[in-house]
Amino acid sequence: IELFTSSLNQLKLAQQKFLESQECLNKVSPENNSKDILVPLTSSMYVPGQLSDVSTVLVDVGTGYYVEMEVSKGKEYFKRKIDFVTKQMEKVQPVLAEKYKMKQVTVEILQLKIQNQMQAQQSAGPAKA
C-alpha cells in the first residue's frame, strides 16, 4: 500500500509540474516580447532577464536534455505528458483502493480471531480453576 501511495503522490507531483509548465507557456506571446522577467536558476533563486524570442522555448525533456521547440509544440508536448501521467494515475488508484480493501478485510479477520481466542481463554480459564 505504501508503494502505491508513494507512486500516486509522485505522479501527482509530476502532473502539477507539467501543468505549471504548460501555464507558463500560455504567457509566452508576441505582446510579451522584450519584457522583463525573472529566470529561475534553482527552485529558490531567480535572476532578472528579458524575453528576446517568443516564438521558441527550451523544454526540459528529462535527464538534463533540453529541446528547442515552438511554443505551440511545447504546449502539445506538455498536454501529452499531462494526459500520460493522468492515465497512469487512473491505473494506480483502483489498485491502491483494492489493496486498501484487502488490508481492511485482513485486519477485521485478525481482530475477529483475537476476539474469539480471548473468549475461548476466558471461558476455559474458570473451568480449569
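Residues numbered from 1 in each chain as written. Predicted model: local features only at pLDDT ≥ 70, side-chain atom pairs only at ≥ 80, totals over all residues. Heavy atoms only, no water.

### Regarding the confidence of the model for the protein
Heads up, the condition is: As a per-residue measure, pLDDT reflects the predictor's confidence and takes values from 0 up to 100. Think of it this way: any DSSP run of H or I at least four residues long counts as a helix, any run of E at least two long counts as a strand, and we number them from the N terminus.
Averaged over every residue, the pLDDT of the protein is 90; residues scoring 70 or more account for 96%. Summarising per-element confidence for the protein, the mean pLDDT is lowest in strand 1 (residues 36-40) (88) and highest in strand 4 (residues 65-70) (94).

### Considering the pairing of strand 4
Residues in a regular strand project their side chains so that they alternate between the two faces of the sheet. Test applied: For two strands to pair, DSSP has to find at least two bridges joining them.
As paired strands, strand 3 (residues 56-62) and strand 4 are joined by six bridges and run antiparallel to one another. Bridging across to strand 4, Thr-56 finds its partner in Glu-70. The antiparallel pairing of strand 3 with strand 4 creates a hairpin that spans two residues between the two strands, and Thr-63 there sits at a positive phi of about 45°.

### Description of unusual backbone geometry
Short version of the rule: The buried label goes to any residue with under 20% of its type's maximum accessible area, the exposed label to any with over 50%, and the partly exposed label to all in between, with areas taken from a 1.4 Å probe on protein chains only.
Phi at Ser-34 takes a positive value of approximately 70°, unusual for a residue other than glycine. As for its position among the elements, Ser-34 is in the loop between helix 1 (2-26) and strand 1. Within the chain, Thr-63 stands out as a residue other than glycine whose phi angle is a positive 45°. Structurally, Thr-63 can be placed in the loop between strand 3 and strand 4. For Thr-63, a relative accessible area of 75% gives the class exposed.

### Examining the side chain of Asn-32
Stated formally: The contact definition used throughout considers only heavy atoms, calling two residues in contact when any of these lie within 4.5 Å.
Counting through the fold element by element, Asn-32 comes out in the loop between helix 1 and strand 1. Among the residues examined, Asn-32 registers a relative accessible area of 17% and is labelled buried. If we ignore the near neighbours within four places in the chain, the residues touching Asn-32 are Lys-27, Leu-51 and Val-54.

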